[in-house]
Amino acid sequence: MPLELGIVMDPIETIKTKKDSSFAMALEAQRRGWNLWYMEMNDLFLLDNRAMARMKRLQVTDSSDNWHEFAEEKTAPLDSLHSILMRKDPPFNMEYIYATYLLELAEAQGCLVVNRPRALRNANEKLYTAWFPQCTPPILVSRNYRDFNDFLDVHGDIIVKPLGGMGGESIFRIRKGDPNTGVILETLTAKQSRYAMAQKFIPEISAGDKRILVINGKAVPWALARVPQAGENRGNLAAGGNAHGVELSEHDHWIVDQVAPRLKEAGILFAGLDVIGDYLTEVNVTSPTCIRELDAIYNINISAMLMNCIEKTINA
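Notes on the structure follow. (Residues numbered from 1 in each chain as written. Predicted model: local features only at pLDDT ≥ 70, side-chain atom pairs only at ≥ 80, totals over all residues. Heavy atoms only, no water.)

**Points about the overall build of the protein**
Thought 1: Of the regular secondary structure elements, the protein holds 8 helices and 17 strands.
Thought 2: For the protein, whose C-alpha radius of gyration is 20 Å, the value lies close to the compact-globule estimate of 20 Å for 316 residues.
Thought 3: When its C-alpha atoms are laid out on the principal axes, the protein stretches across 65 × 45 × 40 Å.
Thought 4: The buried share among the 316 residues of the protein stands at 51%.
Thought 5: A fraction of 67% describes how many contacts in the protein between residues 6 or more apart in sequence connect residues 24 or more apart.
Thought 6: Seen as two clouds, the 34 positive and the 40 negative side-chain charges of the protein have centres 2 Å apart. (Helix = DSSP H or I, 4+ residues; strand = E, 2+ residues; numbered from the N terminus. Rg over C-alpha atoms; globule rule 2.2 N^0.38 Å. Buried < 20%, exposed > 50% of the residue type's maximum accessible area, 1.4 Å probe, protein only. Contact = heavy atoms within 4.5 Å. Lys, Arg positive; Asp, Glu negative; His and termini not counted. Charge placed at Lys NZ, Arg CZ, Asp CG, Glu CD.)

Right under this line is the structure:
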């Protein structure tokens, strides 16, 4: 009997198949003969205290043209599926949180949700680094201008960013004396009404922002180093960064050893750790990427590692 796998994601017609990790997962599920059911946020709803969804049977083709088609459509309880991949991209906002409540109802009825809905709410991708102070650069989270200015006075060169974004969006570098400091802080904090993060600037960003993928507490042995373009501070691929593969260093493995047990305990089966130099800068749990790039460079199949984990967990 084939496994019934759901996937909640952004519109599939908008993805770039050569780079999309959700697409890689869908391809692997299909290779295994699993029934794959596609959903978007608008398809999730609650009826008579049961989490429901409008689902479309999804078929995928590894191509840059006509990469998907839908077969049958049905409305069914989310817990009728064996597992659901929650792959909706940030922003991490109240709508995202509401969706995790629906998914948690399905989880309570025996459906394996990857990642665990409660963990998605608790593990903010920027702020979660504070649980691993031995791994991080100096950080500040505040919404008060004075706190940021004091932090800048101490460190002289900082990165500031929102807590709920992705892909390098709204990330700024501020040096002491920068005349744009005020407007940057005003924008990020929405005039001191919204929390933001500051981190001491790490010069090793010039060598790349490494994405380390962790599956059920174990790291993929290679990372994708995303190197900023000339004149940029952001290595994110969405911000134009260039990427190459690197083997994990001894210190990278040490960082994974610090973080992975807590991820596993929380029910985060798939995460992406961002490491610059010797420092952990983010713990990505909502929709980690870089599967396709690492698969292509090293001729591996990271999605198969994840699907093996899902299958083993369901059958345990």
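**Examining a nonpolar patch on the surface**
Thought 1: A cluster of nonpolar side chains, Met94, Tyr98 and Tyr101, forms an exposed patch at the surface whose accessible area comes to about 320 Å².
Thought 2: Take Tyr101: it is sitting in helix α2 (residues 94-108). (Patch = residues over 30% accessible without salt bridge, like charges linked within 9 Å, V, L, I, M, F, W, Y side chains within 5 Å. Areas by Shrake-Rupley, 256 points an atom, 1.4 Å probe, with all protein chains shown as cover. Salt bridge = Lys/Arg side-chain N within 4 Å of Asp/Glu carboxyl O.)

**Focus on the pattern of salt bridges**
Thought 1: Under the definition given, this model contains 17 salt bridges.
Thought 2: With its nearest N and O atoms 3.2 Å apart, the salt bridge here joins Lys88 to Asp10. One end of the pair, Lys88, is in the loop between β6 (83-86) and α2; the other, Asp10, is in the loop between β1 (4-8) and α1 (21-31), and 78 residues separate them in sequence.
Thought 3: Asp10 sits in the partly exposed class, given a relative accessible area of 22%.
Thought 4: In this structure, Arg116 and Glu107 form a salt bridge, with 3.4 Å as the shortest nitrogen-oxygen distance.
Thought 5: On the basis of relative accessibility, which here comes to 24%, the residue Glu107 falls in the partly exposed class.
Thought 6: The network of salt bridges with common partners includes Glu28, Arg31, Arg32 and Glu311.

**Remarks on the side chain of Arg292**
Thought 1: Within the element layout of this structure, Arg292 appears in helix α7 (residues 291-298).
Thought 2: Overall, the relative accessible area of 15% leaves Arg292 in the buried class.
Thought 3: Residues in contact with Arg292, not counting those within four places in the same chain, are Thr17, Lys18, Lys19, Asp20, Ser21, Phe23, Ala24, Leu27 and Asp62.

**Some thoughts on the nonpolar core**
Soluble globular proteins tend to bury their nonpolar side chains together.
Thought 1: Among the nonpolar cores identified, the biggest contains 43 residues, and Met39, Leu78 and Leu273 are the most heavily contacted of them.
Thought 2: Setting aside residues no more than four positions away along its own chain, Leu273 makes contact with Lys210, Arg211, Ile212, Val214, Ile255, Val256, Val259, Leu263, Leu280, Glu282 and Val283.
Thought 3: One finds Ile7, Cys290, Met307 and Cys309 within the second-largest nonpolar core, a separate group that totals 36 residues. (Core = buried A, V, L, I, M, F, W, Y, C linked by side-chain atoms within 4.5 Å.)

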